[in-house]
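Analysis of the macromolecular model
Each chain, letter by letter, is given below.
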Amino acid sequence: MAKITPKSMKFVVLSAGKSEPVFEGMEIDYKVSPVLGIPMGWKTIISQVDEYKSFTDFQKEGPYKYWNHFHEFIPNEKGILMKDTVDYELPFGILGRAVHQLFVKEKLKSIFDFRYNILDDLFNSKTSLL
């Protein structure tokens, strides 16, 4: 996960079992620095798994009031489409909504754009074998 997250986020998975397959009920602890390099803890729980098709991570503790991230893997004629659907809400009511418009919305877009570019380079590289 850290490999497909911008280095500026300082994203680190703290949980043991980093390489095991996800399973319902799995808890994952992270350290992330999304704003001004300030580290914060984040804990998600895997709330749904459909093996090789989808999984959902739900924030148990962290910076959002609500975070639900659905990951889908959809076969198509070119391979697999990886699709993310994120439902989230910031804390602090109207202040949180203002911060979302000023900063968070664009920050999340840049994180998922980065992820797209890394995965696109990894899986769609046109490097010559010569």
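Predicted model, so just to flag it, every value in this text is computed and none were measured.

This paragraph deals with the confidence of the model for the protein chain. For the protein chain, per-residue confidence averages 90 on the pLDDT scale, and 95% of positions sit at 70 or higher. For the protein chain, strand E2 (residues 27-35) is the element with the lowest average pLDDT, namely 91, and strand E4 (residues 54-61) is the one with the highest, namely 97.

With that settled, the discussion passes to the environment of Ile45. Position of Ile45 relative to the elements: it lies in strand E3 (residues 38-50). Among the residues examined, Ile45 registers a relative accessible area of 23% and is labelled partly exposed. Distance from Ile45 to Gly25, taken between C-alpha atoms, is 5.9 Å for residues 20 residues apart in sequence. In contact with Ile45, not counting residues within four places along its chain, are Gly25, Met26, Glu27, Thr56, Asp57 and Phe58.

Once that is clear, we can look at the nonpolar core. Burial of nonpolar side chains together is a common tendency in soluble globular proteins. In this structure, Ile28, Tyr30, Trp42, Tyr64 and Leu108 are the most contacted members of the largest nonpolar core, which totals 16 residues. Breaking this core down by element, the ones donating at least two residues are E2, E3 and helix H1 (93-123). In this structure, Trp42 is in contact with Ile28, Asp29, Tyr30, Val32, Gln59, Glu61, Gly62, Pro63, Tyr64 and Trp67, ignoring residues within four places of it in sequence.

So, about the pattern of salt bridges. Taken as a whole, this structure holds six salt bridges when the rule is applied. Across the pair Glu27 and Lys43 runs a salt bridge whose closest N-O atoms are separated by 3.4 Å. Here the residue Glu27 occupies a position in strand E2, and Lys43 occupies one in strand E3, the gap between them amounting to 16 residues. Connected via shared salt-bridge partners are Glu27, Asp29, Lys43 and Lys60.

Size it by volume and the largest pocket reaches roughly 920 Å³. As for the largest pocket, its lining consists of 32 residues, of which Met1, Glu20, Val22, Phe55 and Phe73 are closest to the centre. Within the residue set of the lining of the largest pocket, elements represented by two or more residues are E2, E3, E4, strand E5 (66-76), strand E6 (79-89) and H1. Taken together, the residues of the lining of the largest pocket break down into 16 nonpolar, five polar and eleven charged.

We now examine the pairing of E5. Where E4 lies against E5, five bridges are found, and the strand directions are antiparallel. Paired with Ser54 across the strands is Glu72, a residue of E5. Where E4 folds back onto E5 in an antiparallel hairpin, the turn is made up of four residues. Strand direction decides the pairing type here: E5 and E6, joined by eleven bridges, are antiparallel.

When you line up the elements, Thr56 lands in strand E4. When its relative accessible area of 6% is taken as the criterion, Thr56 is described as buried. Of note is the side chain of Thr56, whose polar atom sits 2.8 Å from the side chain of Gln48. Each residue touching Thr56, except ones within four places of it in the same chain, is listed here: Ile45, Ile46, Ser47, Gln48, Asn68, His69 and Phe70.

Strand pairing in a sheet relies on backbone hydrogen bonds. The paired strands run either parallel or antiparallel. Pairing within the open sheet is antiparallel, and its six strands lie in the order E1-E2-E3-E4-E5-E6. Looking at strand neighbours, the two that pair on one side only are strand E1 (12-13) and E6, the edges of this open sheet. Contacting E2, E5 and E6, H1 crosses the sheet at an angle of about 165° to E6.

The rules we used
- Residues numbered from 1 in each chain as written.
- Predicted model: local features only at pLDDT ≥ 70, side-chain atom pairs only at ≥ 80, totals over all residues.
- Heavy atoms only, no water.
- pLDDT = per-residue confidence, 0-100.
- Helix = DSSP H or I, 4+ residues; strand = E, 2+ residues; numbered from the N terminus.
- Buried < 20%, exposed > 50% of the residue type's maximum accessible area, 1.4 Å probe, protein only.
- Contact = heavy atoms within 4.5 Å.
- Core = buried A, V, L, I, M, F, W, Y, C linked by side-chain atoms within 4.5 Å.
- Salt bridge = Lys/Arg side-chain N within 4 Å of Asp/Glu carboxyl O.
- 1 Å grid on protein atoms, 1.4 Å probe; cavity = no way out; pocket = protein on both sides within 12 Å on 5 of 7 lines; lining within 4 Å.
- Points joined across faces, edges and corners; volume = space filled by probe spheres on them.
- Nonpolar A, V, L, I, M, F, W, Y, C, P; charged D, E, K, R; others polar.
- Pairing = 2+ DSSP bridges.
- Polar contact = N/O pair within 3.5 Å; in protein donor to acceptor, adjacent residues only side chain to side chain.
- Axes fitted to C-alpha atoms, helices over the stretch in contact; angles between N-to-C directions.

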